[in-house]
Amino acid sequence: MERAILLVDDEENIISSLSRLLRRDGYQIFKANSGREGLELLKQHDVGVVISDQRMPEMIGSEFLSKARDLRPQTVRIMLSGYTDLQSVTDAINRGAIFRFLTKPWDDDLLRQNIEEAFRYHEMAAENERLTRDLKIANDALMAANIRLGDETKVLSRDVERNLRVLEVSQEVLESLPLAVIGVGNDGMVAVANSKARELFGTEIMPGEQQNAVLPEEVITLMGQGSNGKKRITLHGVEVDCWCFVMGQHSRAQGSVTVLAPV
(Lines give C-alpha, C1' and ligand atoms only; values in the text may rest on other atoms or scores of the structure.)
Protein backbone atom coordinates (compact mmCIF):
# COMPACT_ATOMS: atom_id res chain seq x y z
CA MET A 1 0.00 0.00 0.00
CA GLU A 2 1.41 3.44 -1.03
CA ARG A 3 2.42 5.73 1.82
CA ALA A 4 0.65 9.11 1.68
CA ILE A 5 1.91 12.26 3.41
CA LEU A 6 0.32 15.71 3.78
CA LEU A 7 2.48 18.85 3.92
CA VAL A 8 0.87 21.98 5.38
CA ASP A 9 2.71 25.34 5.36
CA ASP A 10 1.76 28.84 4.30
CA GLU A 11 5.18 29.33 2.66
CA GLU A 12 5.23 27.85 -0.82
CA ASN A 13 9.03 27.54 -0.88
CA ILE A 14 8.93 25.34 2.24
CA ILE A 15 6.33 23.09 0.62
CA SER A 16 8.49 22.83 -2.52
CA SER A 17 11.67 22.02 -0.55
CA LEU A 18 9.95 19.33 1.46
CA SER A 19 8.41 17.82 -1.69
CA ARG A 20 11.78 17.59 -3.42
CA LEU A 21 13.33 15.99 -0.33
CA LEU A 22 10.61 13.41 0.22
CA ARG A 23 9.91 12.52 -3.40
CA ARG A 24 12.97 10.27 -3.43
CA ASP A 25 11.38 8.09 -0.74
CA GLY A 26 8.40 7.30 -2.96
CA TYR A 27 5.67 8.94 -0.88
CA GLN A 28 2.39 10.12 -2.34
CA ILE A 29 2.55 13.81 -1.43
CA PHE A 30 -0.43 16.12 -0.80
CA LYS A 31 0.14 19.86 -0.27
CA ALA A 32 -1.85 22.57 1.53
CA ASN A 33 -1.06 26.25 2.26
CA SER A 34 -3.37 26.53 5.25
CA GLY A 35 -4.97 24.50 7.99
CA ARG A 36 -8.36 24.80 6.30
CA GLU A 37 -7.00 23.37 3.03
CA GLY A 38 -5.25 20.63 4.98
CA LEU A 39 -8.48 19.55 6.67
CA GLU A 40 -10.28 19.44 3.33
CA LEU A 41 -7.57 17.14 1.94
CA LEU A 42 -7.79 14.91 5.00
CA LYS A 43 -11.51 14.51 4.39
CA GLN A 44 -10.79 13.25 0.87
CA HIS A 45 -7.65 11.14 1.36
CA ASP A 46 -6.40 8.47 3.77
CA VAL A 47 -3.10 10.02 4.85
CA GLY A 48 -0.58 8.23 7.07
CA VAL A 49 1.56 11.21 8.18
CA VAL A 50 0.88 14.95 8.41
CA ILE A 51 3.64 17.60 8.67
CA SER A 52 2.48 21.08 9.62
CA ASP A 53 4.04 24.46 10.30
CA GLN A 54 3.08 26.19 13.58
CA ARG A 55 2.84 29.87 12.60
CA MET A 56 0.17 30.10 9.90
CA PRO A 57 -2.57 32.70 9.35
CA GLU A 58 -6.20 31.88 10.21
CA MET A 59 -5.30 28.64 12.00
CA ILE A 60 -2.04 27.85 13.83
CA GLY A 61 -0.41 24.45 13.44
CA SER A 62 -1.29 23.11 16.89
CA GLU A 63 -4.96 23.89 16.29
CA PHE A 64 -4.87 22.32 12.84
CA LEU A 65 -3.17 19.15 14.13
CA SER A 66 -5.68 18.88 16.94
CA LYS A 67 -8.55 19.03 14.43
CA ALA A 68 -6.68 16.61 12.13
CA ARG A 69 -6.52 14.15 15.02
CA ASP A 70 -10.28 14.40 15.52
CA LEU A 71 -10.86 13.95 11.80
CA ARG A 72 -8.46 11.05 11.27
CA PRO A 73 -7.25 9.68 14.62
CA GLN A 74 -4.98 7.09 13.01
CA THR A 75 -2.89 9.73 11.19
CA VAL A 76 0.54 10.45 12.73
CA ARG A 77 1.14 14.19 13.16
CA ILE A 78 4.49 16.06 13.07
CA MET A 79 5.00 19.79 13.73
CA LEU A 80 7.78 21.53 11.81
CA SER A 81 8.30 25.16 12.82
CA GLY A 82 10.92 27.90 12.87
CA TYR A 83 9.34 29.33 16.02
CA THR A 84 9.55 27.69 19.40
CA ASP A 85 6.25 28.77 20.89
CA LEU A 86 6.75 26.50 23.87
CA GLN A 87 3.26 26.92 25.32
CA SER A 88 1.51 26.04 22.04
CA VAL A 89 3.78 23.06 21.48
CA THR A 90 3.31 21.85 25.06
CA ASP A 91 -0.47 22.14 24.76
CA ALA A 92 -0.42 20.21 21.48
CA ILE A 93 1.71 17.44 22.98
CA ASN A 94 -0.47 17.20 26.08
CA ARG A 95 -3.60 16.89 23.93
CA GLY A 96 -1.95 14.11 21.96
CA ALA A 97 -2.07 16.16 18.78
CA ILE A 98 1.56 15.70 17.70
CA PHE A 99 3.96 12.77 17.44
CA ARG A 100 7.17 14.80 16.95
CA PHE A 101 8.21 18.45 17.08
CA LEU A 102 11.01 19.41 14.65
CA THR A 103 12.53 22.81 14.02
CA LYS A 104 13.40 24.78 10.89
CA PRO A 105 15.84 24.72 9.29
CA TRP A 106 15.72 20.96 9.39
CA ASP A 107 18.36 18.30 8.93
CA ASP A 108 17.37 16.31 5.84
CA ASP A 109 18.48 12.91 7.15
CA LEU A 110 16.92 13.48 10.58
CA LEU A 111 13.65 14.61 9.04
CA ARG A 112 13.47 11.62 6.72
CA GLN A 113 14.30 9.32 9.61
CA ASN A 114 11.49 10.79 11.75
CA ILE A 115 9.01 10.49 8.88
CA GLU A 116 10.00 6.86 8.28
CA GLU A 117 9.51 6.17 11.99
CA ALA A 118 6.12 7.91 11.89
CA PHE A 119 4.97 5.71 8.99
CA ARG A 120 6.13 2.56 10.78
CA TYR A 121 4.18 3.68 13.85
CA HIS A 122 1.10 4.34 11.70
CA GLU A 123 1.32 0.96 9.96
CA MET A 124 1.87 -0.89 13.23
CA ALA A 125 -1.19 0.82 14.76
CA ALA A 126 -3.24 -0.07 11.66
CA GLU A 127 -2.08 -3.70 11.86
CA ASN A 128 -2.95 -3.86 15.57
CA GLU A 129 -6.39 -2.44 14.79
CA ARG A 130 -6.88 -5.04 12.05
CA LEU A 131 -5.78 -7.88 14.34
CA THR A 132 -8.08 -6.62 17.09
CA ARG A 133 -10.97 -6.47 14.63
CA ASP A 134 -10.21 -9.97 13.32
CA LEU A 135 -9.93 -11.28 16.88
CA LYS A 136 -13.32 -9.79 17.75
CA ILE A 137 -14.88 -11.38 14.66
CA ALA A 138 -13.29 -14.73 15.58
CA ASN A 139 -14.46 -14.43 19.19
CA ASP A 140 -18.00 -13.54 18.09
CA ALA A 141 -18.03 -16.53 15.73
CA LEU A 142 -16.71 -18.80 18.50
CA MET A 143 -19.34 -17.53 20.92
CA ALA A 144 -22.09 -18.14 18.35
CA ALA A 145 -20.72 -21.64 17.69
CA ASN A 146 -20.66 -22.38 21.43
CA ILE A 147 -24.27 -21.26 21.74
CA ARG A 148 -25.28 -23.48 18.81
CA LEU A 149 -23.28 -26.36 20.28
CA GLY A 150 -24.97 -25.84 23.65
CA ASP A 151 -28.40 -25.94 22.01
CA GLU A 152 -27.48 -29.05 20.02
CA THR A 153 -26.08 -30.69 23.16
CA LYS A 154 -29.36 -30.05 25.01
CA VAL A 155 -31.34 -31.60 22.15
CA LEU A 156 -28.94 -34.55 22.00
CA SER A 157 -29.17 -35.05 25.77
CA ARG A 158 -32.96 -35.07 25.58
CA ASP A 159 -32.82 -37.60 22.73
CA VAL A 160 -30.39 -39.83 24.65
CA GLU A 161 -32.53 -39.67 27.77
CA ARG A 162 -35.67 -40.50 25.78
CA ASN A 163 -33.93 -43.40 24.03
CA LEU A 164 -32.72 -44.77 27.35
CA ARG A 165 -36.26 -44.71 28.72
CA VAL A 166 -37.54 -46.47 25.58
CA LEU A 167 -34.75 -49.04 25.92
CA GLU A 168 -35.60 -49.66 29.58
CA VAL A 169 -39.28 -50.15 28.73
CA SER A 170 -38.41 -52.44 25.80
CA GLN A 171 -36.13 -54.51 28.00
CA GLU A 172 -38.83 -54.87 30.64
CA VAL A 173 -41.40 -55.90 28.02
CA LEU A 174 -38.94 -58.44 26.65
CA GLU A 175 -38.36 -59.93 30.11
CA SER A 176 -42.11 -60.12 30.74
CA LEU A 177 -42.85 -62.22 27.65
CA PRO A 178 -43.81 -65.88 28.23
CA LEU A 179 -41.73 -66.78 25.17
CA ALA A 180 -37.99 -67.19 24.71
CA VAL A 181 -36.49 -64.41 22.56
CA ILE A 182 -32.93 -64.17 21.32
CA GLY A 183 -31.41 -61.71 18.85
CA VAL A 184 -28.14 -62.29 16.97
CA GLY A 185 -26.25 -59.95 14.64
CA ASN A 186 -24.88 -60.87 11.24
CA ASP A 187 -21.46 -61.23 12.86
CA GLY A 188 -22.79 -64.07 15.04
CA MET A 189 -22.73 -62.01 18.23
CA VAL A 190 -25.64 -62.24 20.66
CA ALA A 191 -27.33 -58.86 21.00
CA VAL A 192 -30.24 -59.69 23.32
CA ALA A 193 -31.67 -62.67 25.19
CA ASN A 194 -34.48 -62.68 27.74
CA SER A 195 -34.87 -64.82 30.86
CA LYS A 196 -37.12 -67.37 29.10
CA ALA A 197 -34.35 -67.99 26.55
CA ARG A 198 -31.86 -68.61 29.37
CA GLU A 199 -34.31 -71.04 30.99
CA LEU A 200 -34.95 -72.87 27.70
CA PHE A 201 -31.29 -73.26 26.78
CA GLY A 202 -30.23 -73.98 30.35
CA THR A 203 -27.31 -71.55 30.16
CA GLU A 204 -26.50 -67.92 31.01
CA ILE A 205 -26.56 -66.02 27.72
CA MET A 206 -24.92 -62.59 27.85
CA PRO A 207 -24.94 -59.93 25.11
CA GLY A 208 -21.62 -59.87 23.30
CA GLU A 209 -21.06 -63.63 23.36
CA GLN A 210 -20.69 -65.62 20.15
CA GLN A 211 -23.72 -67.73 19.23
CA ASN A 212 -21.58 -70.86 18.71
CA ALA A 213 -20.58 -70.76 22.36
CA VAL A 214 -24.04 -70.45 23.91
CA LEU A 215 -26.75 -71.60 21.45
CA PRO A 216 -27.71 -75.12 20.36
CA GLU A 217 -26.77 -76.12 16.83
CA GLU A 218 -30.45 -76.57 15.89
CA VAL A 219 -31.20 -72.91 16.71
CA ILE A 220 -28.11 -71.63 14.90
CA THR A 221 -29.11 -73.62 11.80
CA LEU A 222 -32.64 -72.23 11.99
CA MET A 223 -31.39 -68.65 12.20
CA GLY A 224 -29.03 -69.28 9.28
CA GLN A 225 -31.93 -70.31 7.07
CA GLY A 226 -33.54 -66.87 7.53
CA SER A 227 -37.08 -68.18 7.31
CA ASN A 228 -39.87 -66.01 8.70
CA GLY A 229 -42.27 -68.97 9.00
CA LYS A 230 -42.86 -71.28 11.96
CA LYS A 231 -40.73 -74.40 12.37
CA ARG A 232 -40.66 -77.10 15.01
CA ILE A 233 -37.42 -78.42 16.42
CA THR A 234 -36.49 -80.65 19.34
CA LEU A 235 -34.34 -79.30 22.19
CA HIS A 236 -33.28 -81.62 25.00
CA GLY A 237 -36.10 -84.00 24.02
CA VAL A 238 -38.73 -81.23 24.07
CA GLU A 239 -40.55 -80.06 20.96
CA VAL A 240 -40.27 -76.30 20.46
CA ASP A 241 -42.04 -74.08 17.93
CA CYS A 242 -39.70 -71.45 16.48
CA TRP A 243 -40.20 -68.29 14.53
CA CYS A 244 -37.10 -66.63 13.00
CA PHE A 245 -37.38 -63.05 11.75
CA VAL A 246 -34.73 -61.40 9.58
CA MET A 247 -33.99 -57.85 10.75
CA GLY A 248 -33.44 -54.80 8.56
CA GLN A 249 -36.78 -54.51 6.78
CA HIS A 250 -38.06 -51.76 9.07
CA SER A 251 -34.86 -50.57 10.73
CA ARG A 252 -31.10 -50.36 10.29
CA ALA A 253 -30.61 -53.50 12.41
CA GLN A 254 -28.71 -56.36 10.77
CA GLY A 255 -29.24 -59.92 11.97
CA SER A 256 -32.14 -62.05 13.14
CA VAL A 257 -34.54 -62.44 16.06
CA THR A 258 -35.74 -65.92 17.05
CA VAL A 259 -38.81 -66.58 19.19
CA LEU A 260 -39.20 -70.01 20.76
CA ALA A 261 -42.19 -71.59 22.55
CA PRO A 262 -42.17 -75.12 24.00
CA VAL A 263 -45.13 -77.16 22.71
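Above this text you will find the structure in question.
Read on for a plain summary of the structure.

Further remarks concern the side chain of S81. The residue S81 is located in strand β4 (residues 76–81) in this model. On the basis of relative accessibility, which here comes to 0%, the residue S81 falls in the buried class.

On inspection of all chains with the given rule, the structure shows two aromatic pairs. On the numbers, 4.9 Å between centres and 20 degrees between planes, the contact of Y27 with F119 is stacked. In this pair, Y27 sits in the loop between α1 (12–23) and β2 (28–32) while F119 sits in helix α5 (residues 108–176), placing the two residues 92 residues apart along the sequence. F119 carries the same exposure label as Y27, and that label is buried. Above the ring of F99, the side-chain terminus of R100 is found at 4.2 Å from the ring centroid.

Further remarks concern the sheet that holds strand β1 (residues 4–8). What holds strands together in a sheet is hydrogen bonding between their backbones, with the strands either parallel or antiparallel. Strand order in this open sheet of five strands is β2-β1-β3-β4-β5, and the pairing throughout is parallel. This sheet does not close on itself; its edge strands, each paired only once, are β2 and β5 (100–103). On average, each strand axis in the sheet is inclined to that of its neighbour by 20 degrees, with strand direction left out of account. Taken together, the four bridges between β1 and strand β3 (residues 49–52) define a ladder with parallel strand orientation. Each residue of the ladder has a partner; that of L7, found in β3, is I51. Along the sheet, helix α3 (residues 61–71) makes contact with β1, β3 and β4, crossing β4 at roughly 170 degrees. Packing against the sheet, α5 makes contact with β1, β3, β4 and β5, and its axis sits at approximately 160 degrees to β4.

Let's shift gears to the sheet that holds strand β6 (residues 180–185). Across the sheet, five strands lie side by side as β7-β6-β10-β9-β8; this open sheet has antiparallel pairing. Of all the strands in the sheet, the pair left with one neighbour each is β7 (190–193) and β8 (230–235). On average, each strand axis in the sheet is inclined to that of its neighbour by 25 degrees, with strand direction left out of account. Sheet topology note: the β6/β7 ladder contains three bridges and is antiparallel. Across the sheet, the residue bridging to G183 is V192, located in β7.

The next thing to look at is the nonpolar core. With 21 residues, the main nonpolar core has I182, F201, I205, L215, L235 and L260 as its most contacted residues. When contributions to this core are tallied by element, the ones reaching two or more residues are β6, β7, α6 (195–201), α8 (217–225), β8 and β9 (238–246). Here this core takes four residues from α8, the largest share from any one element. Discounting chain neighbours no more than four positions away, the residues touching L215 are I182, V184, F201, I205, I220 and M223. If you look at the next biggest cluster of nonpolar residues, it comprises 19 residues, including I5, L21, V76 and W106.

It is worth spelling out the pairing of strand β10 (residues 255–262) at this point. Extensive coverage of β10 is indicated by the burial of six of its eight residues. Pairing geometry for β6 and β10, over six bridges, is antiparallel. Following the sheet pairing, V181 is matched in β10 by V259. The sheet contact formed by β9 and β10 spans seven bridges and is antiparallel. The residue of β10 that forms the bridge with W243 is V259.

The rules behind these values
- Residues numbered from 1 in each chain as written.
- Predicted model: local features only at pLDDT ≥ 70, side-chain atom pairs only at ≥ 80, totals over all residues.
- Heavy atoms only, no water.
- Helix = DSSP H or I, 4+ residues; strand = E, 2+ residues; numbered from the N terminus.
- Buried < 20%, exposed > 50% of the residue type's maximum accessible area, 1.4 Å probe, protein only.
- Phe/Tyr/Trp six-rings, centres within 6.5 Å; stacked < 30°, edge-to-face > 60°.
- Lys NZ or Arg CZ within 6 Å of the ring centre and 35° of its normal.
- Pairing = 2+ DSSP bridges.
- Axes fitted to C-alpha atoms, helices over the stretch in contact; angles between N-to-C directions.
- Contact = heavy atoms within 4.5 Å.
- Core = buried A, V, L, I, M, F, W, Y, C linked by side-chain atoms within 4.5 Å.

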